[in-house]
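Here's the letter readout for the chains.
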Amino acid sequence: MKIISISNNKGGVGKTTTTVNVAAAMQILGKKVMVIDMDHQAQTTYHFGINPNEVKESIYDVLKGDKEFTEIIVNRNGIDILPANPEMRNIEFIPLPAKEFLLKEALMDKDKKCLSGYDYVLIDCPPSLGVLTLNAMAISEFILVPLQAQFLPFHGMYNLFEAVQMVKKRINRDIEVTGIIGTMYNPKKSINREVMEETERRLPGKLFNTFIRENVALQEAPSWGKTIFEYKPESNGADDYMALTKEIISRYE
Ligand SMILES: Nc1ncnc2c1ncn2[C@@H]1O[C@H](COP(=O)(O)OP(=O)(O)OP(=O)(O)O)[C@@H](O)[C@H]1O
Ligand SMILES: [Mg+2]
């Protein structure tokens, strides 16, 4: 069982799109997958066709200790989802100590047996390095960082790498940024190629060979509550996420 956080403190870089569609591709490839929506924007929940405002019991109730995680699972086409709702932004105000370990306490016994039925657990993080992200990082072995190909956002990336080093020291020594995913890639624009070349130069070996190209179908799919494989299986988006997922699996297995 592998636990992977999809994280980048920069907003709108493709974290949620990647979480949902990698999970879907893994499921198609025969893996048993759980997705945890750790973002109070609840976009992952929405993308899977679940209305966050109608989610009565979310991961927030699990973090508070009011529910077992098994009680809030919603299954969508074989994928187990722990949904979010907007209430989650109140996590800052839960009067409990060591709040970065709430998810770990809720999901894991000593031997990680609770999650042993899953091949992969994917966690979508919010665009910040706050308590929700720390909870995700406290249980993850791997971090995947989507990187939008259109900007040179290295400053932000260094913040993320610094934060991961801090997490490694204080919270979870097993954590590693194992992969960077080029998203919204347009091969016709030279800036896109430059960003990816520069990433490879500064962080050798981290970038996956598959880039996720700019693709309208990827943008449309969430409004239909569908993964790209349900919405437009013939699209570039579906091809790219399937190729990326195969790369991810071969990197981790
Ligand atoms: N490859 C792509 N081509 C075109 N549009 C994309 C692509 N990937 C993501 N998008 C769109 O870009 C927007 C941001 O993507 P997404 O929500 O996945 O980013 P995010 O990092 O999760 O954002 P946030 O930080 O707000 O959680 C969405 O509207 C999404 O549909
Ligand atoms: Mg998101």
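Residues numbered from 1 in each chain as written. Chains lettered and ligands numbered in written order. Predicted model: local features only at pLDDT ≥ 70, side-chain atom pairs only at ≥ 80, totals over all residues. Heavy atoms only, no water.

1. Let's talk about the nonpolar core
Note on soluble globular proteins: their nonpolar side chains tend to be buried together.
Reasoning step 1: Core analysis: the largest hydrophobic core is formed by 35 residues, its most contacted members being Ile4, Met26, Leu122, Leu144, Phe229, Leu244 and Ile248.
Reasoning step 2: With residues up to four places along the chain from it excluded, the contact list for Ile4 reads Tyr120, Val121, Leu122, Ile123, Ser140, Phe142, Leu144, Ile248 and Tyr252.
Reasoning step 3: Ala84, Ile91, Leu107 and Ile139 belong to the second largest nonpolar core, which has 29 residues in total. (Core = buried A, V, L, I, M, F, W, Y, C linked by side-chain atoms within 4.5 Å. Buried < 20%, exposed > 50% of the residue type's maximum accessible area, 1.4 Å probe, protein only. Contact = heavy atoms within 4.5 Å.)

2. Here's the deal with the packing of helix α1 (residues 15–28) against helix α11 (residues 236–252)
Reasoning step 1: Between α1 and α11, the shortest axis-to-axis distance is 9 Å and the interhelical angle comes to 75°. Overall, the two elements α1 and α11 adopt an arrangement that is roughly perpendicular. Together, Thr17, Thr18, Asn21, Val22, Ala25, Met26 and Ile28 of α1 and Tyr241, Met242, Leu244, Thr245, Ile248 and Ile249 of α11 make up the contact between the two elements.
Reasoning step 2: Split into classes, the residues belonging to the contact of α1 with α11 amount to 9 nonpolar, 4 polar and no charged. (Axes fitted to C-alpha atoms, helices over the stretch in contact; angles between N-to-C directions. Helix = DSSP H or I, 4+ residues; strand = E, 2+ residues; numbered from the N terminus. Parallel < 35°, antiparallel > 145°, perpendicular 65-115°, else oblique. Nonpolar A, V, L, I, M, F, W, Y, C, P; charged D, E, K, R; others polar.)

3. Let's talk about the site of ligand 1
Reasoning step 1: The environment of ligand 1 is made up of 17 residues, and the closest members are Gly12, Lys15, Thr16, Thr17 and Asn215.
Reasoning step 2: At 3.0 Å, a backbone N or O of Gly12 approaches an oxygen atom of ligand 1.
Reasoning step 3: The contact in question runs from an oxygen atom of ligand 1 to an N or O atom on the side chain of Gln41, over 3.4 Å.
Reasoning step 4: Comparing atom positions with the cavity grids shows ligand 1 to sit within the largest pocket.
Reasoning step 5: Sorting the residues of the shell around ligand 1 by element identifies α1 and α9 (216–220) as the ones contributing at least two each.
Reasoning step 6: Of all the elements, α1 adds the most residues to the shell around ligand 1, at 3 residues. (Near = heavy atom within 4 Å. Polar contact = N/O pair within 3.5 Å; in protein donor to acceptor, adjacent residues only side chain to side chain. 1 Å grid on protein atoms, 1.4 Å probe; cavity = no way out; pocket = protein on both sides within 12 Å on 5 of 7 lines; lining within 4 Å. Sits in = over half its atoms within 2 Å of the grid points.)

4. Some words on the sheet that holds strand β1 (residues 2–6)
Reasoning step 1: Taken in spatial order, the 7 strands make up an open sheet running β3-β4-β2-β5-β1-β6-β7, and their pairing is mixed. Edge positions in the sheet fall to β3 (74–76) and β7 (176–183), since each has one partner strand and no second. For this sheet, the mean inter-axis angle between neighbouring strands, taken without regard to orientation, is 25°.
Reasoning step 2: Looking at chain direction, strand β2 (residues 33–37) and strand β4 (residues 79–82) are connected through 3 bridges and run parallel. In the sheet register, Ile36 faces β4, and the bridge partner there is Leu82. (Pairing = 2+ DSSP bridges.)

5. Topic: the side chain of Asn9
Reasoning step 1: Within the secondary structure, Asn9 sits in the loop between β1 and α1.
Reasoning step 2: Contact partners of Asn9, with chain neighbours within four places excluded, come to Pro127, Ser128, Leu129, Gly156, Asn159 and Leu160.

6. Focus: unusual backbone geometry
Reasoning step 1: A positive phi angle, close to 55°, is found at Ala42, a residue other than glycine.
Reasoning step 2: Position of Ala42 among the secondary structure elements: in the loop between β2 and α2 (43–47).
Reasoning step 3: Its identity as a non-glycine residue notwithstanding, Asn77 has a phi of 50°, on the positive side.
Reasoning step 4: Residue position: Asn77 is located in the loop between β3 and β4.

7. Observations concerning the layout of surface pockets
Reasoning step 1: In this structure, the largest pocket spans a volume of roughly 560 Å³.
Reasoning step 2: Lining of the largest pocket is provided by 25 residues; of these, Gly12, Val13, Gly14, Thr17 and Met184 occupy positions nearest its centre.
Reasoning step 3: Listed by contribution, the elements that provide at least two residues to the lining of the largest pocket are α1, α2 and α9.
Reasoning step 4: Looking at the lining of the largest pocket residue by residue, the classes come out as 9 nonpolar, 11 polar and 5 charged. (Points joined across faces, edges and corners; volume = space filled by probe spheres on them.)

8. Here's the deal with the packing of aromatic side chains
Reasoning step 1: Under the defined criterion, the tally for this structure stands at 3 aromatic pairs.
Reasoning step 2: Both rings, one in Tyr185 and one in Phe211, keep their centres 4.6 Å apart while their planes meet at 55°; by these two values the pair is tilted. Of this pair, Tyr185 sits in the loop between β7 and α8 (190–202) while Phe211 sits in the loop between α8 and α9, and the two are 26 residues apart along the sequence.
Reasoning step 3: Residue Tyr185 is classed as buried on the basis of its relative accessible area, which comes to 10%.
Reasoning step 4: Taking NZ or CZ as reference, Arg251 lies 3.9 Å from the ring centre of Phe208, over its face. (Phe/Tyr/Trp six-rings, centres within 6.5 Å; stacked < 30°, edge-to-face > 60°. Lys NZ or Arg CZ within 6 Å of the ring centre and 35° of its normal.)

9. Things to note about the environment of Met38
Reasoning step 1: On the secondary structure map, Met38 appears in the loop between β2 and α2.
Reasoning step 2: Setting aside residues up to four positions removed in sequence, Met38 forms contacts with Ile59, Leu63, Met88, Leu103, Ile123, Asp124, Pro126, Leu132, Asn135 and Ala136.

These results come straight from atomic positions and should not be treated as a statement about function.
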